[in-house]
Amino acid sequence: MAVKATDKELRVQWYLPPLGVPSTSCETQKVLFLYAYNIKAITLISIKTSTLTNAFCGYKWVYLKRLVMLHKKLSALRSKADMYLQPELKTPLMQFGIHRLGQRYTQTESGLNIRKLPTQIEEMVINLCREIKELFLSGSVVKPEAEIPFDITTKTLEELENLFTPFSGYVLKHGSLFTWLTSFIESD
């Protein structure tokens, strides 16, 4: 059996222990965050003879209530940010309405105009980044990010929401979100 990863990727899985294990309350119930990532392309032919120097794995126990709240906040953020991350419509009526609202735009590489995120949404992203770090860096003081540590796109926000969906797994490919998450995921 061969395992192959052609690029950087982070694989995560949330695991809720069996219901047969009594929990003292919903406030204290925890889920297990399992992760594995590689920083270079890897091919694994045999588990017995391979040593992987570019692959890392581990786990963290996370309070279920915090995870559920984080996921709700990420879903709300994605809903709010989606309208700003959509390309500008080129109809005269829309242009007049948008001009009157005084929206700011930025030019993308493809030439489409995308509205910049309002300060309120940028602050939401920064606060959620702090909350995500707090999940993994228990016991240490987490400094707020000075700026958003990854590219904000519809795809990135969808990936972030999917990563923190309780009771499922996700595979995140390379990119600025991958780099940010792997910079602290093993710490502690």
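Structure's up top.
Summarised in this report is the structure supplied together with it. These figures come from a predicted structure and were not determined experimentally. (Residues numbered from 1 in each chain as written. Predicted model: local features only at pLDDT ≥ 70, side-chain atom pairs only at ≥ 80, totals over all residues. Heavy atoms only, no water.)

What about unusual backbone geometry?
Among all residues except glycine, the phi angle is most often negative; among peptide bonds, the trans geometry is most common. Applied cut-off: Helix numbering and strand numbering both begin at the N terminus, where a helix is a DSSP run of H or I of at least 4 residues and a strand a DSSP run of E of at least 2. Only protein chains enter the accessibility calculation, which uses a 1.4 Å probe. A residue is then buried if its area is under 20% of the maximum for its type, exposed if over 50%, and partly exposed in between.
Positive phi, normally seen in glycine, also occurs at Phe167, with a value near 70°. Mapped onto the fold, Phe167 is located in the loop between α4 (154–163) and β8 (169–173). On the accessibility criterion, Phe167 (53% relative accessible area) is exposed.

Side note on the nonpolar core
Nonpolar side chains in soluble globular proteins tend to end up buried together. In plain terms, the rule: Nine residue types can take part in a nonpolar core, namely buried Ala, Val, Leu, Ile, Met, Phe, Trp, Tyr and Cys, and a core is a set of them joined through side-chain atoms within 4.5 Å. The contact criterion used throughout is that any non-hydrogen atoms of two residues lie within 4.5 Å.
Membership of the largest hydrophobic core comes to 39 residues, with the highest contact counts inside it found for Leu10, Ile132, Phe164 and Leu181. Those elements giving two or more residues to this core turn out to be β2 (9–15), β3 (30–38), α1 (64–85), α3 (119–136), α4 and α5 (176–182). In terms of residue count, the dominant contributor to this core is α1 (eight residues). For Leu10, the residues in contact, after removing those within four places along its chain, are Tyr35, Ala36, Tyr37, Leu163, Tyr170, Val171, Leu172, Phe178, Leu181 and Ile185.

Some points on the pattern of salt bridges
Our working rule: For this analysis, a salt bridge means a side-chain nitrogen from Lys or Arg found within 4 Å of a carboxyl oxygen belonging to Asp or Glu.
Following the criterion strictly, the structure yields nine salt bridges and no others. Note that Glu9 and Lys173 form a salt bridge whose closest N and O atoms lie 2.7 Å from each other. Highlighted residues: Glu9 in strand β2 and Lys173 in strand β8, separated in sequence by 164 residues. A relative accessible area of 45% places Lys173 in the partly exposed class. For Lys73, the salt bridge identified is with Glu131, shortest N-O distance 2.9 Å. Placement of Lys73 in helix α1 and of Glu131 in helix α3 is noted, with a sequence separation of 58 residues between them. The network of salt bridges with common partners includes Glu9, Arg11 and Lys173.

Focus on the packing of aromatic side chains
The condition is simple: Under the pairing criterion, centres of Phe, Tyr and Trp rings, with the six-membered ring standing for Trp, must be within 6.5 Å; the plane angle then separates stacked pairs below 30 degrees from edge-to-face pairs above 60, leaving the rest tilted. Here, over-ring charges are defined by two tests on the NZ atom of lysine or the CZ atom of arginine: distance to the ring centre within 6 Å, and angle to the ring normal within 35 degrees.
With the rule as written, the count across this model stands at 11 aromatic pairs. Ring pairing ties together the aromatic residues Trp14, Phe33, Tyr35, Tyr37, Phe56, Phe136, Phe150, Phe164, Phe178, Trp180 and Phe184, which thus form one cluster. Across the ring face of Tyr63, the terminal group of Lys30 is positioned such that the distance to the ring centre comes to 4.7 Å.

Concerning the environment of Ile152
With respect to the helices and strands, Ile152 occurs in the loop between α3 and α4. Beyond its immediate stretch of four places on either side in the chain, Ile152 contacts Leu85, Leu117, Val125 and Leu157.

Quick word on the packing of α1 against α3
Convention followed: Fitting a line to C-alpha atoms yields each axis, with helices limited to the stretch in contact; the angle taken between N-to-C directions then spans 0 to 180 degrees. Note that the term roughly parallel is reserved for angles under 35 degrees, roughly antiparallel for angles over 145, roughly perpendicular for angles of 65 to 115, and oblique for everything else. By definition, any crossing whose near helix is turned counterclockwise from its far helix by less than a right angle is left-handed, and any crossing with a clockwise turn is right-handed. Asp, Glu, Lys and Arg are counted as charged, while Ala, Val, Leu, Ile, Met, Phe, Trp, Tyr, Cys and Pro are counted as nonpolar; the rest, among them Gly, fall into the polar class.
Following both chains from N to C, one finds α1 and α3 inclined at 155°, their axes separated by 11 Å at the closest point. When the axes of α1 and α3 are compared, the pair comes out roughly antiparallel. The handedness of the crossing between α1 and α3 comes out as left-handed. The residues of α3 that touch α1, namely those facing Arg66, Leu70, Lys73, Leu74, Leu77, Lys80, Ala81 and Tyr84, are Ile121, Met124, Val125, Leu128, Glu131, Ile132, Glu134 and Leu135. For the contact of α1 with α3, a count of residues per class yields 11 nonpolar, no polar and five charged.

Focus: a nonpolar patch on the surface
Here is the rule we go by: Patch membership requires over 30% relative accessible area and the absence of a salt bridge. Like charges are linked within 9 Å, and nonpolar side chains (Val, Leu, Ile, Met, Phe, Trp, Tyr) within 5 Å. All accessible-area figures derive from a Shrake-Rupley calculation using a 1.4 Å probe, and residue coverage is judged against the displayed protein chains alone.
On the surface, a cluster of nonpolar side chains totalling about 440 Å² of accessible area is made up of Tyr15, Leu34, Tyr59 and Trp61. With respect to the secondary-structure elements, Tyr15 resides in strand β2.

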